[in-house]
Amino acid sequence: MSEYLHKTIPNLKPFNFELHHDALFINQQWVLVNGISNKKSIYTFKANNSLEITRQHNVIKTSWSIDPLNMLSIETEDGLIKVSAYFKDDDILVLNNQDDDEFALYINATNYNDELNSIEDIQTFLKEKYLKKVSTMIYDHEFYYIENSKEFGPFKVEELSQKVKNADISAYCFVRDINEHDYSKRLRVLDLIKELDEIKK
């Protein structure tokens, strides 16, 4: 992966055929984010190595293939290109051109109910995705808190919120996820409560 791509989009996971091909990649509607304001393109990679590119009411049929090193070859209007594929999350795909630092960003719109036609739509999608991720963390995770040099817990956020309402603890106590080993993130009970309130709106 190029250093430029790594800096631009951190924490990318390289394409893994066994993990990603059937479950996340094939027969999905990948909306190309690059240039979406001017022209919307939807890429659908088929299991038979065909590739359908839908632009408005036109469908361009071409081909793609993958080698043992998980390098993709895609036949485009400008000729054959070789790209490395990465996943940011299950529904965000990045294809990095091997000849330069250019990369294409795609969003899987297969199970997304709203249309993705503009940068504003993309921003809404990412915001909803973030809130869903935070919601999962908030409701499913437990946290320890520290007060007067003593650690208590673990508790769910709603339990911590109730403790604050009852004046049992301060909203400014530092907290840590049960999977973290220290309080270096400087996260407070108040921060968790704010996220919980945002989700409930």
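Nothing here was measured: the structure is a model prediction, and the numbers come from that model. (Residues numbered from 1 in each chain as written. Predicted model: local features only at pLDDT ≥ 70, side-chain atom pairs only at ≥ 80, totals over all residues. Heavy atoms only, no water.)

J.: What is the right way to read the sheet that holds strand S10 (residues 143–147) from this model?
T.: Within a beta sheet, neighbouring strands are joined by backbone hydrogen bonds and run either parallel or antiparallel to one another. Here four strands make up an open sheet; going across it, the order is S11-S10-S12-S13 and the pairing antiparallel. Both outer strands of the open sheet, strand S11 (150–155) and strand S13 (187–188), are each paired with one neighbouring strand and no more. With four bridges joining them, S10 and strand S12 (residues 174–177) adopt antiparallel strand pairing. When the bridges of S12 are listed, Phe143 appears paired with Asp177. Contacts from helix H4 (residues 157–165) reach S10, S11 and S12 within the one sheet, and its direction differs from that of S11 by about 125°. (Pairing = 2+ DSSP bridges. Helix = DSSP H or I, 4+ residues; strand = E, 2+ residues; numbered from the N terminus. Contact = heavy atoms within 4.5 Å. Axes fitted to C-alpha atoms, helices over the stretch in contact; angles between N-to-C directions.)

J.: Mind showing me how you'd approach H4 here?
T.: Turn by turn, an α-helix covers 3.6 residues, leaving residues three or four places apart pointing in a common direction. Buried within H4 we find Val157, Leu160 and Ser161. Summarising the axial view, the buried residues of H4 lie within an arc of 100°, below the 170-degree limit, and thus occupy one face. Two residues or fewer after H4 comes Ala167, characterised by a positive phi angle close to 60°. (Buried < 20%, exposed > 50% of the residue type's maximum accessible area, 1.4 Å probe, protein only. Arc of directions from axis to C-beta.)

J.: How should I be thinking about the packing of aromatic side chains in this particular structure?
T.: To describe a pair of aromatic rings, you give the distance between the ring centres and the angle between the ring planes. Scanning the model with the defined rule gives ten aromatic pairs in all. For the ring pair Phe15 and Phe87, a centre distance of 6.3 Å and an interplane angle of 20° mean the geometry is stacked. Of this pair, Phe15 sits in the loop between strand S1 (13–14) and helix H2 (17–25) while Phe87 sits in strand S7 (residues 79–89), placing them 72 residues apart in sequence. A residue is classified by how much of its surface remains accessible, and Phe87, at 2% relative accessible area, is buried. Ring-pair connections join several aromatic residues into one group, and the members of that group are Phe15, Phe25, Trp30, Phe45, Trp64 and Phe87. The aromatic ring of Phe174 is capped on one face by Arg186, whose charged end is 4.1 Å from the ring centroid. (Phe/Tyr/Trp six-rings, centres within 6.5 Å; stacked < 30°, edge-to-face > 60°. Lys NZ or Arg CZ within 6 Å of the ring centre and 35° of its normal.)

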